[in-house]
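# Coordinates in review
This is what each chain is made of:
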Amino acid sequence: MKFKLLAEGIEKLEGGTYSIEKILEVIQNITGWAIRVGIALAGLSLVIGFVWYTVVDVDQKARVKQRIIQTLLGIMGIILAVSLVNIIIDLF
């Protein structure tokens, strides 16, 4: 359904009859989709990281722990960026 909305938005842009509301709606749909995919991939990465943390030897545990922390920071960055986009769109 969201891809249909995106296609409708693009058709209106190509035809020259578009509105700002439609463009903002398409951007919100894309950001919503991006946050769901990003969080799902980050969650998968965390699961792999925790499994890896349990099976590596002691010398590599610090490196794996650092990778898990970076993944968590990446998740927070995704959420923050998409939230800011949605806040800016809501201002219009």
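What comes next concerns the included structure. (Residues numbered from 1 in each chain as written. Predicted model: local features only at pLDDT ≥ 70, side-chain atom pairs only at ≥ 80, totals over all residues. Heavy atoms only, no water.)

### Points about the overall build of the chain
- When helices and strands are counted, the chain shows three helices and zero strands.
- Within the chain, the fraction of its 92 residues that count as buried is 21%.
- When contacts within the chain are restricted to residue pairs at least 6 apart in sequence, long-range pairs at least 24 apart make up 52% of them. (Helix = DSSP H or I, 4+ residues; strand = E, 2+ residues; numbered from the N terminus. Buried < 20%, exposed > 50% of the residue type's maximum accessible area, 1.4 Å probe, protein only. Contact = heavy atoms within 4.5 Å.)

### Comments concerning the packing of helix 2 (residues 20-55) against helix 3 (residues 61-91)
- Here helix 2 crosses helix 3 at 170 degrees, and the two axes come no closer than 10 Å. Accordingly, the angle class assigned to the pair helix 2 and helix 3 is roughly antiparallel.
- Looking at the contact of helix 2 with helix 3, its residues break down into 18 nonpolar, eight polar and five charged. (Axes fitted to C-alpha atoms, helices over the stretch in contact; angles between N-to-C directions. Parallel < 35°, antiparallel > 145°, perpendicular 65-115°, else oblique. Nonpolar A, V, L, I, M, F, W, Y, C, P; charged D, E, K, R; others polar.)

### Some points on the nonpolar core
- Formed by A42, L46, V56, V64, I68 and I75, the largest nonpolar core amounts to six residues.
- Counting only elements with at least two residues in this core, the list comes to helix 2 and helix 3.
- A42 has contacts with T71 and I75, leaving out every residue within four places of it along the chain. (Core = buried A, V, L, I, M, F, W, Y, C linked by side-chain atoms within 4.5 Å.)

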